[in-house]
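Chain by chain, the residues run as shown.
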Amino acid sequence: LDSHRGELVSEHDVAGTEWPIFGSTLFLLAAEELFTGGKTFEPMNPAVVSAVRKAAQVIADPATGSWVRRKWGADYLTRENVFYRMLLIMGFAAYERLTPDRQYHDFMTRQMRSLADELQRAPFHLRDDYPGECYPHDVLWAVAALQRAGRLDGVRHDALIRGIMSVLNGKLRTPHDLPASEASSRTGSILQGARGCNSSGILIVAAELDKQ
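So, here is what we can say about the structure in this document.

So, about the packing of aromatic side chains. Applying the stated criterion to the full structure yields six aromatic pairs. Ring centres of Tyr76 and Tyr84 lie 6.1 Å apart, and the angle between their planes is 45°; on these two criteria the pair is classed as tilted. Accessibility expressed as a relative area gives 10% for Tyr76, which makes it buried. When its relative accessible area of 3% is taken as the criterion, Tyr84 is described as buried.

What follows is the structure in structure tokens.
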């Protein structure tokens, strides 16, 4: 955070670009499960509170998203860019469940509304993570993030959930009965079959969405 290192790393450096925000969001999700059980806020010890606040700061820092800004341009927060925007929404939703701090709430809500509208209107409910790269499991995670954030505002995304689940079970279903790991967001065609990395991500959130 102090060095703004995120502004300096190559956009091809996965560890230097994706991992800071991905790791911080996963940390917040794990902390939410451990300390709230998915129900209500419970007091945490000072060390955990400090780590939770630091993780949110990493997610919020514009320098953390420098690589997607270079890929998408100045409007990187208002179109596609599903992976990054999903992590913003998911991370801040977990943060609000962990603390009474709502400093990121308005930003999270704007992202929730704009991404939900974009995915609802998109063909096959798919949009790209990076230009020309669409990974359906990230879209599924994005829908889960929208639903989690929506609970904080009394908003539901049931139609979008039904839509993306139908696509994963239909057009993007591979001969092995698993959703494709990569697809064309414009045509809905499968570009790569199922892989363990995407299937494991699907396992984390699919059951949660299937209950809605």
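So, next bit.
On to the packing of helix α2 (residues 46–60) against helix α4 (residues 82–98), then. As a packed pair, α2 and α4 sit with axes 10 Å apart at the nearest point and diverge in direction by 155°. In this view, α2 runs roughly antiparallel relative to α4, as classed from their interaxial angle. Seen along the crossing, α2 lies across α4 with a hand that is left-handed. Contacts from Val52, Arg53, Ala56, Ile59 and Ala60 in α2 reach Tyr84, Leu87, Leu88, Gly91, Phe92, Tyr95 and Leu98 in α4. Here the residues of the contact of α2 with α4 are counted per class, giving ten nonpolar, one polar and one charged.

Attention shifts here to the packing of helix α6 (residues 136–153) against helix α7 (residues 158–169). At a closest axis distance of 10 Å, the pairing of α6 and α7 adopts a crossing angle of 160°. Comparing their axes, α7 and α6 come out roughly antiparallel. Judged by the sense of rotation from one axis to the other, the crossing of α6 with α7 is left-handed. Contacts between α6 and α7 pair Pro136, Val139, Leu140, Val143, Leu146 and Gln147 from the former with Asp158, Leu160, Ile161, Ile164, Met165 and Leu168 from the latter. A class-by-class count of the residues in the contact of α6 with α7 yields ten nonpolar, one polar and one charged.

Conventions used here
- Residues numbered from 1 in each chain as written.
- Predicted model: local features only at pLDDT ≥ 70, side-chain atom pairs only at ≥ 80, totals over all residues.
- Heavy atoms only, no water.
- Phe/Tyr/Trp six-rings, centres within 6.5 Å; stacked < 30°, edge-to-face > 60°.
- Buried < 20%, exposed > 50% of the residue type's maximum accessible area, 1.4 Å probe, protein only.
- Axes fitted to C-alpha atoms, helices over the stretch in contact; angles between N-to-C directions.
- Helix = DSSP H or I, 4+ residues; strand = E, 2+ residues; numbered from the N terminus.
- Parallel < 35°, antiparallel > 145°, perpendicular 65-115°, else oblique.
- Left-handed = near helix turned anticlockwise from the far one by under 90°.
- Contact = heavy atoms within 4.5 Å.
- Nonpolar A, V, L, I, M, F, W, Y, C, P; charged D, E, K, R; others polar.

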